[in-house]
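# What the coordinates show
Read off the chains here:
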Amino acid sequence: MKKNKISKNWINRQRRDHYVRQSVVEGYNSRAVYKLKEIDEKFKIFKNGNSIIDLGAAPGSWSQYVVKKFKNMKVLSIDLLNFDKIENIYQLQGDFTDDMSKKKIKDYFSSKVDVVISDMAVNTTGNKNLDSINTSELCIEAMNFSKEILKEEGIFVSKIFMGSTFNEIILASKKLFKENKVFKPAASRKESKESFIICKYLR
Ligand code: SAM
């Protein structure tokens, strides 16, 4: 399919999508917020006073959700992309996988944190298997970082793609966390291989 046909299809789909309309009405930067909302309502992720790291945060709806829901949160968001300033959030632009970014994150929180959320996804190549492998690598990297920075009772939530690397991710999560669940929110498009892993309590 030609590129301008793909973007026309994308625009039409966005117009029809009720999550997109709802996000505009409620003042969120992306429909992705409703995925996190469902995850939070089902798995009770956040509590007032939490410290939170949001990986792959742009354009920022997950961070917005956290600071709208609770008054007293310490949130750091990082993305490769620059995105508009969100009140009460410390925003970093950079590649999360760089050691320098990880150091900046650790320096910002003087102690361990309560929750790491990651919606990181690589730019799609058109090859679904390759996209899934690349995004899985980001998930594993975020999980390993969580091991270093989460409190023992901490929570890790990450986007995953169902595919050849699924078993590897589950195995890695079971090594690091006592509780592991996989969940696809209704707001995640049916045709997408996207799902989420929710891990609690470090081993
Ligand atoms: N959760 C976001 C929201 O609610 O607005 C949407 C996130 S979007 C699906 C995925 C993001 O991951 C992109 O903005 C992309 O730039 C970011 N990303 C991908 N690889 C990254 C990396 N290595 N470091 C930081 N951000 C990354």
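Keep in mind that this is a model prediction, so the values were computed, not measured.

Of all the residues in helix α4 (residues 61–69), the buried ones are Ser61, Trp62, Ser63, Gln64, Tyr65 and Val66. Elements that come into contact with the buried residues of α4 comprise α2 (18–26), α3 (33–43), β1 (51–55), β2 (74–79), β3 (89–93) and β4 (113–118).

Turning our eyes to something else, we now look at the nonpolar core. Leu55 and Val116 are the most contacted members of the largest nonpolar core, which totals 44 residues. Here this core takes 6 residues from strand β5 (residues 150–161), the largest share from any one element. Excluding its chain neighbours within four sequence positions, the residues that come into contact with valine 116 are Ile53, Leu55, Ala142, Ser146, Ile149, Leu150 and Phe156.

So, about the sheet that holds strand β6 (residues 177–183). An order of β3-β2-β1-β4-β5-β7-β6 is seen for the 7 strands of this open sheet, with the pairing classed as mixed. A single partner strand is all that each edge strand has here, and the edge strands are β3 and β6. With direction set aside, neighbouring strand axes in the sheet form an average angle of 15 degrees. Strand direction decides the pairing type here: β1 and β2, joined by 5 bridges, are parallel.

Time to look at the site of the ligand. Surveying the vicinity of the ligand reveals 23 residues, the closest of which are Ala32, Gly56, Ser61, Phe96 and Asp119. Counting residues per element, the ones that place at least two in the shell around the ligand are α4 and β2. Looking at the shell around the ligand residue by residue, the class counts come to 14 nonpolar, 6 polar and 3 charged.

What follows is about the packing of α3 against α4. Where α3 meets α4, the closest approach of the two axes is 8 Å, and the angle between their N-to-C directions is 45 degrees. Here α3 lies oblique to α4, going by the angle between them. The handedness of the crossing between α3 and α4 comes out as right-handed. The segment α3 lies against α4, with Val33, Leu36 and Lys37 engaging Ser61, Trp62, Gln64 and Tyr65. A per-class count over the contact of α3 with α4 returns 4 nonpolar, 2 polar and 1 charged.

Quick notes on the rules
- Here the residue numbering is sequential within each chain, running from 1 through the sequence in written order.
- Since the coordinates come from a predicted model, pLDDT governs what is reported: local features require at least 70, and pairs of side-chain atoms require 80 or more to be given and counted, while whole-chain, interface and lining totals use all residues.
- Exposed residues have 12 or fewer other C-beta atoms within 10 Å of their own C-beta, buried residues have 20 or more, and residues in between are partly exposed; the C-beta atoms are placed from the backbone.
- Numbering of helices and strands runs from the N terminus; a helix is a DSSP stretch of H or I covering at least four residues, while a strand is a stretch of E covering at least two.
- By the convention adopted here, residues make contact when the C-beta atoms placed from their backbones lie within 7 Å.
- As used throughout, a nonpolar core is a set of buried Ala, Val, Leu, Ile, Met, Phe, Trp, Tyr and Cys residues joined through C-beta atoms within 7 Å of each other.
- Paired strands, as defined in this entry, are two strands with at least two bridges between them according to DSSP.
- Note on method: axes are straight lines fitted to C-alpha atoms, helices fitted across the in-contact stretch only, with angles between N-to-C directions ranging 0 to 180 degrees.
- Should the C-beta atom of a residue, placed from the backbone, lie within 6 Å of a molecule or strand, that residue is near it.
- Three classes are used, and their members are as follows: Ala, Val, Leu, Ile, Met, Phe, Trp, Tyr, Cys and Pro are nonpolar, Asp, Glu, Lys and Arg are charged, and the others, Gly among them, are polar.
- Roughly parallel here means an angle under 35 degrees, roughly antiparallel means over 145, roughly perpendicular means 65 to 115, and every remaining angle is called oblique.
- Take the far helix as your reference; a near helix turned counterclockwise from it by less than a right angle gives a left-handed crossing, and one turned clockwise gives a right-handed crossing.

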